[in-house]
Amino acid sequence: MLSLTVGDTITGSVSWSRATRIGGIRLSRNFSLQPYRITAPLASFAGEAALPSTVDLLINGLKQSSQQVQPGQFQIDSAPTLSGMGQAQLVITDLNGQRRVVSFSLYGSPQLLQAGLADWSLEAGMVRRKFGQESFSYADDPMFSASGRYGLSDSTTLEAHAESTQGLQLAGAGGVWLLGRRAGVFSASAAASRYHGLAGNQLGGSYQWNSSLFNLFLGSTRRDADFRDVASLEGALPPRRTDQAFVGMNSPLGQWGVSYVAQRYTENDPSRFASLSWSRQLPRHGSLNLNVSRDLEREDGYNAFLSWSMPLDRYITTSASARHSRNTQSITAEVSRSVPSDLGGWGWRAESTLGDNTSGRAQVTRLGRFGQWTAGVDHWRGGDGADSITTTYATANGGLLLMGGHFHAMRRVDDAFA
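What counts, and at which threshold
- Sequence order sets the numbering: in each chain, residues are counted from 1 along the sequence as written.
- For a predicted model such as this one, the threshold for reporting local features is a pLDDT of at least 70, and the threshold for listing and counting side-chain atom pairs is 80 or more; totals across whole chains, interfaces and linings nevertheless cover every residue.
- Computation of side-chain values: all heavy atoms of the structure, hydrogens and water removed.
- Strands here are runs of E lasting at least two residues and helices are runs of H or I lasting at least four, both read from the DSSP assignment and numbered beginning at the N terminus.
- Relative accessibility decides the category of a residue: with a 1.4 Å probe and only protein chains considered, values under 20% of the type maximum give buried, values over 50% give exposed, and everything between is partly exposed.
- The salt bridge criterion pairs a side-chain nitrogen of Lys or Arg with a carboxyl oxygen of Asp or Glu, the two atoms within 4 Å.
- The criterion for an aromatic pair is that two Phe, Tyr or Trp rings (for Trp, the six-membered ring) have centres within 6.5 Å, with stacked assigned to planes under 30 degrees apart, edge-to-face to planes over 60 apart and tilted to the rest.
- Charge-over-ring placement is defined geometrically: NZ (Lys) or CZ (Arg) within 6 Å of the ring centre, and within 35 degrees of the ring normal.
- With a 1 Å grid laid over protein atoms only, a set of points is called a cavity when a 1.4 Å probe fits there but cannot get out and a pocket when it is open yet has protein on both sides within 12 Å along at least five of seven lines; lining residues have an atom within 4 Å of a point.
- Grid points are joined across faces, edges and corners, and a volume is the space filled by probe spheres set on the points.
- Two distance rules govern patches: like charges are joined within 9 Å, and nonpolar side chains (Val, Leu, Ile, Met, Phe, Trp, Tyr) within 5 Å, applied only to residues with over 30% relative accessible area and no salt bridge.
- Only the protein chains shown count as covering a residue, and every accessible area follows the Shrake-Rupley method with a 1.4 Å probe.

Q: Would you mind showing me how to read unusual backbone geometry here?
A: One can expect most non-glycine residues to show negative phi and most peptide bonds to be in trans. The phi dihedral of H196 is positive, around 50°, even though this residue is not glycine. Secondary-structure assignment places H196 in the loop between β13 (185–195) and β14 (198–210). For H196, a relative accessible area of 57% puts it in the exposed group. Phi at R284 takes a positive value of approximately 60°, unusual for a residue other than glycine. You can see R284 is positioned in the loop between β18 (271–282) and β19 (286–295).

What follows is the structure, encoded as structure tokens:
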């Protein structure tokens, strides 16, 4: 479960650090190379049977497994099938047909690692500059970084992160804790940096609780004015303070969400945003989504976005959306055909936008035996007599496989292949 990347890549990170684009080398744990491996803690259920029995495990009313047990104590380990709070039941039926039910509460979270399991990443290289604007632009000084997570127990996962470059050193540690089988997940972290003799600190914490009907997230991060990481040296200073809150609810009328985000920077004005979201599944696998947000620092900072989508068949999807913001109003319609990833073939996309900023896009894709190519054209025309802009683009990618002493051209390979 190891991956080695040489060239342009992105450094590893933990939830309280920032990833950075670099040109160099990265060596990391890669769980996707074993997609059958479960990294979250397994749910464990213990019981006792007086006679040979059959034990059925149900989670949230759905049967997960059925096992034969001998008289005495037994333990059943089950793969986690939920994220958040759930209810488990052991239905124990002995050879005489007598049945009894034992109920358990459980809480699953992908933030946790199984006891003894480690996830890590090591990088060395030069920070990538002007990504998407200029080719082969890198910082002059090399940087090094390391990130790691370790499952100390099924309810405690420890985290660590470090960065270093010319004149800057940073190190931090944190953890994620499962608060019993009902109370949710709590995380906390602390980091310190030293930049040309100036010492800075970062403190953060969050709490998350999920269930099938209700979701809650609260988080806050504080940084000193002198706190720096490698990304800060390229002009991307982190906010001095970040506060987040989210509440979600599922109902017969759809899924509702309310969020609040506040950030304060050293030099820029503070920002505070509140938003309301709603989504609902429609017949024939369609969906309808509405999002309304408000910039609380501006009187005219109101935005709204409404979208609808529906698949026409296995590969073709159509959608429409309407957007309103402080300066623009627009309506967009789109129809696209995705490329079958197993069989390959043709894919395409057509999009048109009407309103204050008129635009259009057409794109065609071909996935073949030796790779994939894409070509398209974008046309944009601004309001108030602005000049029109037309952009054409093309991309191609593939892979070379060295096997049995011979090279073979094939499609792009990101992780494992068969």
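Q: Is there a simple way to explain the pattern of salt bridges in this structure?
A: It is possible for side chains bearing opposite charge to pair when their charged atoms get close. Under the criterion given, the structure shown has 13 salt bridges. Across the pair D229 and R18 runs a salt bridge, and its minimum N-O distance is 2.9 Å. In this pair, D229 is assigned in the loop between β15 (214–223) and β16 (241–251) and R18 in the loop between β1 (2–10) and β2 (21–29), connecting sequence segments 211 residues apart. You can call R18 partly exposed: its relative accessible area is 23%. The residue E134 makes a salt bridge to K130 at a minimum N-O spacing of 3.5 Å. Look at E134 and you get partly exposed, because its relative accessible area is 38%. Residue K130 is classed as partly exposed on the basis of its relative accessible area of 49%. One salt-bridge network, in which partners are shared between bridges, spans D119, R149 and E159.

Q: Mind showing me how you'd approach the packing of aromatic side chains here?
A: The description of an aromatic ring pair rests on the distance of the ring centres and on the angle between the ring planes. Counting across every chain of the model gives four aromatic pairs. Between W209 and F214 the ring centres are 6.3 Å apart and the planes differ by 50°, which places this aromatic pair in the tilted class. Considering the side-chain rings of W346 and W373, the 5.7 Å spacing of their centres and the 85° angle between planes classify their relative orientation as edge-to-face. Here W346 is found in strand β23 (residues 345–355), whereas its partner W373 is found in strand β25 (residues 372–381), with 27 residues between them in sequence. Taking the relative accessible area as the measure of exposure, W346 reaches 46% and is therefore partly exposed. By relative accessible area, W373 is classed as partly exposed at 35%. Between R21 and the ring centre of F131, over which it is positioned, the NZ or CZ distance is 3.7 Å.

Q: Help me understand the layout of surface pockets in this model?
A: Unfilled space is identified by rolling a water-sized probe across the atoms. Considered as a void within the structure, the largest pocket measures approximately 630 Å³ in volume. Along its surface, the largest pocket is lined by 33 residues, and S15, W16, S17, T221 and Q244 are the ones closest to its centre. Of all the secondary-structure elements, those providing two or more residues to the lining of the largest pocket are β11 (156–165), β12 (168–178), β13, β14, β15 and β16. Broken down by element, the lining of the largest pocket gets its largest block of residues, five residues, from β15.

Q: Where do I start with a nonpolar patch on the surface in this structure?
A: Where nonpolar side chains cluster on the molecular surface, the patch consists of L213, F214, V247, M249, L253, W256, V258 and L276 and spans about 720 Å² of accessible area. Where the nonpolar patch is concerned, the elements lending two or more residues are β16 and β17 (254–264). Topologically, F214 is positioned in strand β15. Under the relative-accessibility criterion, F214 is labelled partly exposed at 32%.

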